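Single-letter residue listing:
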Amino acid sequence: MEVGCLYGRSACALGFLARFHALGTLICVDPWNTAELTDQGAAAALINAELSNPEVNSETIFRVFLGTAALLGNIGYIRKTSGNALSDYQTAIRAGALHSPELGSIPVTGQLSVLHIDANHRYDHVRQDVETWSPFLKSGGWLLLDDYVWAFGDGPQRVGDELLASPLYDSAFVSGDTLFLRRTTASR
């Protein structure tokens, strides 16, 4: 699962890797609607200003995402904010599949191998995304906090540092700007 997808660059990589390694499917959660987005904190003023830029067309961004996702055939989406997407995901678990109008249906088990958090980077939002979606992360699965090292704020880093002290994760490393945390493989 990827929370915060925008154009789908990382979704393309995650979807390809999921298919290549037979890990399953990828669900992308993003509203693709600038009216539903909230600011990312004072340090991200430059990014926040883009939310009101009339040249930013969220529908065009969504169409670019769809073009990327359609190439792989194992990606579905929930076009809502992270918190609002939970009920759709739970419905998909019960049904065993998620249907995305332009992409078709993909199987859903409710067990995530990889959870990539890359939505709003303000601390409270990152914390909520982790609290909402990490219960679905299976033992040995990986939580990725994008922009753990970020010039525009410290939300992902603060949440990541809290998780590093948690017994729920037994291995961690940083690659590029992303913190990788492995869900403990001991029984929960």
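Bear in mind that the values here come from a model prediction, so they are computed numbers and not experimental data.

As for the sheet that holds strand 7 (residues 137-145)
So, step 1. Read across the open sheet, the seven strands follow the order 3-2-1-6-7-9-8; overall the sheet is mixed. Each of the sheet's edge strands pairs with one partner strand only, and the pair in question is strand 3 (75-78) and strand 8 (169-175).
So, step 2. Taken strand by strand, helix 5 (residues 123-133) contacts strand 1 (2-3), strand 6 (112-117) and strand 7, and its axis lies near 165 degrees from that of strand 6.

With respect to the packing of aromatic side chains
So, step 1. Throughout the structure, instances matching the rule amount to twelve aromatic pairs.
So, step 2. Between the aromatic rings of Trp32 and Phe62, the centroid separation amounts to 5.0 Å while the plane-to-plane angle is 55 degrees, which identifies the pairing as tilted. Residue Trp32 is located in the loop between strand 2 (26-29) and helix 2 (45-51), and its partner Phe62 is located in helix 3 (residues 58-70); the two are separated by 30 residues in the primary sequence. No difference in accessibility class separates Trp32 from Phe62, as the two residues are buried.
So, step 3. Taken together, the ring pairs connect Trp32, Phe62, Phe65 and Tyr77 into an aromatic cluster.

What about the packing of helix 4 (residues 82-95) against helix 5?
So, step 1. In the contact formed by helix 4 and helix 5, the axes pass within 10 Å of each other and the chain directions differ by 10 degrees. In terms of orientation, helix 4 lies roughly parallel with respect to helix 5. Of helix 5, the residues touching helix 4 (which contributes Ser82, Gly83, Ala85, Leu86 and Tyr89) are Gln128, Asp129, Thr132 and Trp133.
So, step 2. The residue inventory of the contact of helix 4 with helix 5, partitioned by class, reads four nonpolar, four polar and one charged.

What about the state of the cysteines?
So, step 1. Applying the stated criterion across every chain, the model contains zero disulfides.
So, step 2. Cys5 supplies the cysteine sulfur nearest to Cys28, a cysteine that is in no disulfide, at a spacing of 3.7 Å.

Focus on helix 6 (residues 155-164)
So, step 1. Of all the residues in helix 6, the buried ones are Gly155, Pro156, Val159, Gly160 and Leu163. Down the axis of helix 6, the smallest arc covering the buried residues is 120 degrees, so these residues share one side.
So, step 2. Against helix 5, strand 7, strand 8 and strand 9 (178-183) lie the buried residues of helix 6.

Let's talk about the pattern of salt bridges
So, step 1. Tallying each qualifying case throughout the model produces nine salt bridges.
So, step 2. Note that Arg122 and Asp124 form a salt bridge whose closest N and O atoms lie 2.7 Å from each other.
So, step 3. A relative accessible area of 25% places Arg122 in the partly exposed class.
So, step 4. Judged by its relative accessible area of 40%, Asp124 falls in the partly exposed class.

Quick notes on the side chain of His121
So, step 1. When you line up the elements, His121 lands in the loop between strand 6 and helix 5.
So, step 2. A distance of 2.6 Å separates a polar side-chain atom of His121 from the backbone oxygen of Ala119.

Describing the pairing of strand 4 (residues 97-100)
So, step 1. Residues Leu98 and Ser100 point to one face of strand 4 and are all buried, whereas Ala97 and His99, pointing to the other face, are not buried.
So, step 2. Pairing geometry for strand 4 and strand 5 (residues 104-107), over four bridges, is antiparallel. Bridging across to strand 5, His99 finds its partner in Ser105.
So, step 3. If you look at the hairpin formed by strand 4 and strand 5, you'll find three residues sitting between the two strands.

Quick notes on the rules
- Residues numbered from 1 in each chain as written.
- Predicted model: local features only at pLDDT ≥ 70, side-chain atom pairs only at ≥ 80, totals over all residues.
- Heavy atoms only, no water.
- Pairing = 2+ DSSP bridges.
- Helix = DSSP H or I, 4+ residues; strand = E, 2+ residues; numbered from the N terminus.
- Contact = heavy atoms within 4.5 Å.
- Axes fitted to C-alpha atoms, helices over the stretch in contact; angles between N-to-C directions.
- Phe/Tyr/Trp six-rings, centres within 6.5 Å; stacked < 30°, edge-to-face > 60°.
- Buried < 20%, exposed > 50% of the residue type's maximum accessible area, 1.4 Å probe, protein only.
- Parallel < 35°, antiparallel > 145°, perpendicular 65-115°, else oblique.
- Nonpolar A, V, L, I, M, F, W, Y, C, P; charged D, E, K, R; others polar.
- Disulfide = S-S within 2.5 Å.
- Arc of directions from axis to C-beta.
- Salt bridge = Lys/Arg side-chain N within 4 Å of Asp/Glu carboxyl O.
- Polar contact = N/O pair within 3.5 Å; in protein donor to acceptor, adjacent residues only side chain to side chain.

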